[in-house]
Amino acid sequence: MATGTADTDIRDTGTRETGTATAERPARFEIGERDFLLDGEPFQVISGALHYFRVHPGLWADRIHKARLMGLNTIETYVPWNLHEPVEGTWTAEDGLDLGAFLDAVAAEGMRAIVRPGPYICAEWVNGGLPAWLTAEPGVGIRRSEPRYLAAVTRYLREVYAIVAPRQIDEGGPVVLVQIENEYGAYGDDKDYLRALVDVTRASGIVVPLTTVDQPQPTMLENGSLPELHRTASFGSRAVDRLATLREHQPTGPLMCSEFWNGWFDQWGEYHHITAPEDSAAELDALLAAGASVNLYVVHGGTNFGFTNGANHKGHYTPIVTSYDYDAPLDEAGNPTAKYWAFRETIARHAPIPDEVPVASGAAPVGTSAFDAALPLDAVRAVFSGSVDAEQPPTMDALGHYGPFASYRASIDAHAGSVLSVGEVRDRAWLTLDGVPVGRLARENKERALVLPGGGELRILIENQGRVDYGTRIGEAKGLIGPVAVDGREVTGWTVDPIDVSSSAAVAGIENALAAVRGEVVDVLSGPVFASGTFELDEPADLYLDTSGWGKGAVWINGFCLGRYWSRGPQYTLYVPAPILRAGTNSIVALELEIATDPAVRFVAHPSLGPLDL
């Protein structure tokens, strides 16, 4: 089978106009009897996943360029509905969410593009990409042909396709394939739902071939697609056998592994997962030798910035870490790894690759600074939205609050030895009585009760550690799940304070409050507490913030949320992308929820993602 077009041929597809990737001569991409066809000639897709929403936009071009130098001819991305429409009816596609600019950057590099808009994406992403405002609606039919769900999905897809349609290859743009849903056969079999997605896709001007993806199991491949859609598979090993299974269910057209799992994600409290470069390269070689097209999942993972990490629940709850390094060919900071060079060598046996090779960055700048201001969470509560009173404790979702934290308070009548019980905490709770800590409840440990020293004002700070991204628990409510009882007597009369640290206005308010108390170096942080400080740089550069002496919390630098840290590991550094930094003075704010016995602000030369899972 003929492989992809030579590098120079791909890049000479024409010029790009402002706002839309266009070419002097639009091309045609089709599904042939055994191959993908580019203007009638066989074309082997050699692609890599690169999620624009996990990479600072100032670094998109760098990551795309390095992907091409490895030998890829195509870039694939998911689209996260919940980031683009965080509030129902409010659509945003600017800055780091500018999908159009990302696709234009792919075109500028002379590469093709695959778009996977879901609406469900999994991706170890919060709520699998579905907006919490939608999944919180009582009775809404997630991922099936339920009218309210379909109406919301239709609005969403029209917004996405307004960006994608003018960037299709037929219009001179880079997009050659669009995927319908995502591994749907592992979830459901509603063919009417899939047809509804196809209808809105075609009605929105998408003319390129449409695909589906499922694990190569007969039931999944059958349930997750339609006759008019091209089936592809997701796997990371036994490539020849799994391609054979796929061929049984896709008898004509090209074979494609559209999620070749060349690494894996990490969860808090586990090892850092790796796959041996030589093993992954051997499987990639088998795929390409069989004439199959491939999409690496992933060529570059990036970072779950902010509070965007998902979670799994297979017997117990396990949230995903902040780093999405994924043991990918390009690491979290975009540096080529041993797997990069192994894959480049493998691809070179099957397709032309550029002569140019990327240069890895050296060690990151190191340095030490300090926090010089600290305020308890209660001291800055005024920067958040107002309180809500209720007889029973409402979930965060019931309040329309989908952020990471909420505080519940109520007066309780208890004595030393009384037992407080809750229905469930989702996902971690810190309890105080009259301001004195009395314990902690953790969902991952299935903890639902503790012994009290007496009565008083009970406060329960809840952290939503990440919404489940896979399976039947997608869309479950967060917060304090009642009933709450003391010695079997239900506690009523609650006040809930939503704490939305995802808001830029709230973060600015916290920084202003801390600036007013700036003074001596902070030696210990006992949470929940905010702390701030500054550090100096000669010039912006990628950094690694060492969190090994801290407890649990989140960090902002120059107002940008790097994400969560946790002494549980395996991750002990946070990646700081150079574009958020500036020469001179930079600010840092941390929210410490537990105890940081060594709260120095240290930047180290290399990332620490934890011990390897060997």
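Residues numbered from 1 in each chain as written. Predicted model: local features only at pLDDT ≥ 70, side-chain atom pairs only at ≥ 80, totals over all residues. Heavy atoms only, no water.

Draft legend 1. The arrangement of the packing of aromatic side chains in detail. With the rule as written, the count across this model stands at 29 aromatic pairs. Arranged with centres 6.5 Å apart and planes meeting at 80 degrees, the rings of Tyr-408 and Trp-494 form a pair that is edge-to-face. Taken as a pair, Tyr-408 in strand β17 (residues 405–412) and Trp-494 in strand β25 (residues 494–499) lie far apart in primary sequence, 86 residues in all. In this structure, Tyr-408 and Trp-494 share a single accessibility class: buried. (Phe/Tyr/Trp six-rings, centres within 6.5 Å; stacked < 30°, edge-to-face > 60°. Helix = DSSP H or I, 4+ residues; strand = E, 2+ residues; numbered from the N terminus. Buried < 20%, exposed > 50% of the residue type's maximum accessible area, 1.4 Å probe, protein only.)

Draft legend 2. Up close: the environment of Ile-412. Of note, Ile-412 is situated in strand β17. For Ile-412, a relative accessible area of 9% translates into the label buried. Spatially, the C-alpha atoms of Ile-412 and Ala-429 are 17 Å apart, while their sequence positions differ by 17 residues. The contacts of Ile-412, once residues within four sequence positions are left out, are Leu-433, Leu-452, Gly-454, Gly-455, Gly-456, Leu-458, Val-486 and Val-491. (Contact = heavy atoms within 4.5 Å.)

Draft legend 3. Highlighting the pattern of salt bridges. Per the counting criterion, the structure on display carries 36 salt bridges. Measuring nitrogen to oxygen at the nearest pair gives 2.9 Å for the salt bridge that ties Glu-146 to Arg-148. Looking at Glu-146, the relative accessible area reads 8%, which means it is buried. Look at Arg-148 and you get partly exposed, because its relative accessible area is 35%. Each of the salt bridges in this network shares a partner with another, and the network as a whole consists of Glu-424, Arg-426, Asp-427, Arg-443, Arg-473, Glu-476 and Lys-478. (Salt bridge = Lys/Arg side-chain N within 4 Å of Asp/Glu carboxyl O.)

Draft legend 4. Just the sheet that holds strand β18 (residues 419–426), in detail. In spatial order, the strands read β21-β18-β23-β24; together these four strands make up an open sheet with antiparallel pairing. Here the strands that pair on one side only, and so sit at the sheet edges, are β21 (449–451) and β24 (489–490). Across six bridges, β18 lies against strand β23 (residues 479–486) in antiparallel orientation. Its bridge partner lying in β23, Val-422 is registered against Val-484. (Pairing = 2+ DSSP bridges.)

Draft legend 5. Geometry of the nonpolar core. Counting 109 residues, the largest nonpolar core has Phe-29, Ile-64, Leu-72, Phe-102, Val-164 and Leu-287 as its most contacted members. In terms of residue count, the dominant contributor to this core is helix α6 (residues 147–164) (ten residues). Ignoring sequence-local partners within four residues, the contact set of Leu-287 consists of Phe-235, Ala-239, Leu-243, Cys-257, Phe-260, Ala-292 and Val-294. Met-396, Ala-406, Tyr-408 and Leu-433 belong to the second-largest nonpolar core, a separate cluster that totals 24 residues. (Core = buried A, V, L, I, M, F, W, Y, C linked by side-chain atoms within 4.5 Å.)

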